[in-house]
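# Descriptive structure summary
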Amino acid sequence: MKKIALITGINGQDGSYLAEFLLNKGYEVHGTLKRNSVSENQTSRLDDVYDQLKLHYADLTDLSSLISVIQKTKPNEIYNLAAQSHVRISFDQPIYTANVTGLGTLNMLEAIKLIDPTIKLYQASSSEMFGNNIDEDGYQRESTQMSPVSPYGCAKVFSYNICKNYRNSYNMFVSNGILFNHESPRRGTNFVTNKVCKEAVKIKLGLSNQLKLGNLDATRDWGHAKDYVEAMWMILQQESPDDFVCSTGISHSVKELVEYVFNKLELDWKKYVSVDEKFYRPEELNDLKGDSKKLRDITGWVPTYTFETMLDEMIDYWLNKLKKDYEQKESYTE
């Protein structure tokens, strides 16, 4: 009998890769979408598997919609990936972020408790929960004190703790995956990795001449989303629920990211990149580097992408896409 999975935020970067992964594992895959007045591009990340999915409208801020979709789908596993996930924007929309990213998780837990407490829940936690706290060896791990420096990070800490509370109070299978930054060609272009890759390619093709960024000295532990969704699945296959850091253990600065991408395209980044204070956060998060030893030891998870191969894939994606878009535009004007 097929396992049934429900993915909230299935049309996001992680949701789309996870959907493909679970379909390959033989799952029946359901996903939730938030109603959007412009629906044409809402499921573009799911184009390759769209006809194999069962999609439903629901919203984490609407408990009744969560109850309805869980009753309909009867999932064995739920992957709660939906959120207002952009850290900088969380400063502009703190209340909305708290409602969706924080209280939305509580709504999900209540819906599961009311309908079927045996459902396994994966909660998408974040390295942003640590803030600027870092252990003496330079790493952040499950035991590192959490002191978030953004409304997004604060909302994620609430979600993390309420998940642990429901796990202990009601004997529910609820696991937190504390994922460090993970990227891909499907990442939104308002996130720094894909922003850099896209704009650098545009500069290479003569479609742009500048790239404005925030803090170039901030360091992040960047992995590939395709590797990280496999970790999500592995976490829910364990005999008991737990909390796991998922990371590569290697960090790079934004400046190093820029240098690699521009060098790959044979461009001098200093001619095109400038710093704009509007991209700084009101409270900066300086360094993130995760220790995923617990995850690796217990599940056997090993990332297949490096920082460089991840960026190579993203650069190639934008080269192919922007060249194709340009060729189509030329053919229309002929």
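Going by the structure above, here's the rest.
Residues numbered from 1 in each chain as written. Predicted model: local features only at pLDDT ≥ 70, side-chain atom pairs only at ≥ 80, totals over all residues. Heavy atoms only, no water.

## Focus: the overall build of the protein
Counting its secondary structure elements, the protein contains ten helices and 13 strands. In terms of overall dimensions, the protein is globule-like: its C-alpha atoms have a radius of gyration of 20 Å, near the 20 Å expected for 334 residues. Each principal axis of the C-alpha distribution contributes one length, and for the protein these read about 60 × 55 × 40 Å. The burial tally for the protein puts 52% of its 334 residues in the buried class. Within the protein, contacts between residues at least 6 apart in sequence are counted, and of these 79% link residues at least 24 apart. Of the roughly 15500 Å² of accessible surface on the protein, 46% is carried by carbon and sulfur atoms. Each charge class in the protein was averaged separately, 39 positive and 46 negative side chains, and the resulting centres sit 3 Å apart. (Helix = DSSP H or I, 4+ residues; strand = E, 2+ residues; numbered from the N terminus. Rg over C-alpha atoms; globule rule 2.2 N^0.38 Å. Buried < 20%, exposed > 50% of the residue type's maximum accessible area, 1.4 Å probe, protein only. Contact = heavy atoms within 4.5 Å. Areas by Shrake-Rupley, 256 points an atom, 1.4 Å probe, with all protein chains shown as cover. Lys, Arg positive; Asp, Glu negative; His and termini not counted. Charge placed at Lys NZ, Arg CZ, Asp CG, Glu CD.)

## Some points on the packing of helix α6 (residues 192-204) against helix α8 (residues 254-264)
Two quantities define a packed helix pair, namely the angle between the helix axes and the distance between the axes. The contact between α6 and α8 brings their axes to 10 Å, and the two run at 30 degrees. Along this stretch, α6 crosses α8, giving a crossing that reads as right-handed. Of α8, the residues touching α6 (which contributes Val192, Thr193, Val196, Cys197, Ala200 and Ile203) are Val254, Leu257, Val258, Val261 and Phe262. Among the residues making up the contact of α6 with α8, the classes are represented as ten nonpolar, one polar and no charged. (Axes fitted to C-alpha atoms, helices over the stretch in contact; angles between N-to-C directions. Left-handed = near helix turned anticlockwise from the far one by under 90°. Nonpolar A, V, L, I, M, F, W, Y, C, P; charged D, E, K, R; others polar.)

## Here we look at helix α2 (residues 63-73)
Within α2, burial applies to Ser65, Leu66, Val69, Ile70 and Thr73. All buried residues of α2 project into a common sector of 130 degrees when viewed along the axis, lining one side. Just beyond α2, the residue with positive phi is lysine 74, at close to 50 degrees. (Arc of directions from axis to C-beta.)

## Looking at the nonpolar core
Counting residues in each nonpolar core, the largest one holds 34 residues, and the members touching the most others are Ile7, Leu22, Val29, Tyr79 and Tyr122. Taken together, the elements giving at least two residues each to this core come down to β1 (4-8), α1 (13-24), β2 (28-33), β5 (120-126), α7 (225-236) and β11 (243-246). In this structure, valine 29 is in contact with Ala5, Ile7, Ile10, Ala19, Leu22, Leu23, Gln52, Leu53 and Lys54, ignoring residues within four places of it in sequence. With 28 residues, the next largest nonpolar core counts Cys197, Ala218, Val273 and Phe307 among its residues. (Core = buried A, V, L, I, M, F, W, Y, C linked by side-chain atoms within 4.5 Å.)

## Section: the sheet that holds strand β3 (residues 54-57)
Overall, parallel pairing links the seven strands, which are arranged β3-β2-β1-β4-β5-β6-β11 in an open sheet. Unpaired on one side and paired on the other, β3 and β11 mark the two borders of the sheet. Adjacent strand axes in the sheet meet at a mean angle of 20 degrees, parallel and antiparallel pairs treated alike. The sheet contact formed by β1 and strand β4 (residues 77-80) spans four bridges and is parallel. Note on β4: the bridge partner recorded for alanine 5 is glutamate 77. Packed on one face of the sheet, α2 meets β1, β2, β3 and β4 and runs near 160 degrees to β1. (Pairing = 2+ DSSP bridges.)

## Digging into unusual backbone geometry
The phi dihedral of lysine 74 is positive, around 50 degrees, even though this residue is not glycine. Of note, lysine 74 is situated in the loop between α2 and β4. Look at lysine 74 and you get exposed, because its relative accessible area is 61%. Of note in the backbone geometry, asparagine 171 takes a positive phi value of approximately 55 degrees without being a glycine.

## A short note on the pattern of salt bridges
One side chain can pair with another of opposite charge once the charged atoms of both are near each other. One pass over the full model with this rule turns up 13 salt bridges. A salt bridge links arginine 141 to aspartate 137; the shortest N-O distance between them is 2.7 Å. Given the relative accessible area of 18%, arginine 141 is considered buried. Residue classification places aspartate 137 among the partly exposed residues on the basis of a relative accessible area of 43%. We note a salt bridge from lysine 202 to glutamate 199, for which the minimum N-O separation is 3.6 Å. A residue pair is termed a helical-turn pair when its members lie 3 or 4 positions apart in one helix, as lysine 202 and glutamate 199 do in helix α6 at three residues. Salt bridges linked by common partners bring Asp135, Asp137, Arg141 and Asp291 together as one network. (Salt bridge = Lys/Arg side-chain N within 4 Å of Asp/Glu carboxyl O.)

## Here's the deal with the packing of aromatic side chains
Following the criterion strictly, the structure yields nine aromatic pairs and no others. Here tyrosine 79 and tyrosine 122 contribute two aromatic rings whose centre-to-centre distance is 6.1 Å and whose plane-to-plane angle is 40 degrees, an arrangement assigned as tilted. Residue tyrosine 79 is found in strand β4, and its partner tyrosine 122 is found in strand β5; the two are separated by 43 residues along the sequence. According to the relative accessible area criterion, tyrosine 79 is buried, its value standing at 0%. What makes tyrosine 122 buried here is its relative accessible area of 0%. Between tyrosine 317 and tryptophan 318, the ring centres sit 5.0 Å apart and the planes meet at 80 degrees, which makes this aromatic pair edge-to-face. Put simply, the rings of Trp222, Tyr260 and Phe307 pair up and form one aromatic cluster. The ring centre of tyrosine 139 lies 4.5 Å from the NZ or CZ of lysine 289, which sits over that ring. (Phe/Tyr/Trp six-rings, centres within 6.5 Å; stacked < 30°, edge-to-face > 60°. Lys NZ or Arg CZ within 6 Å of the ring centre and 35° of its normal.)

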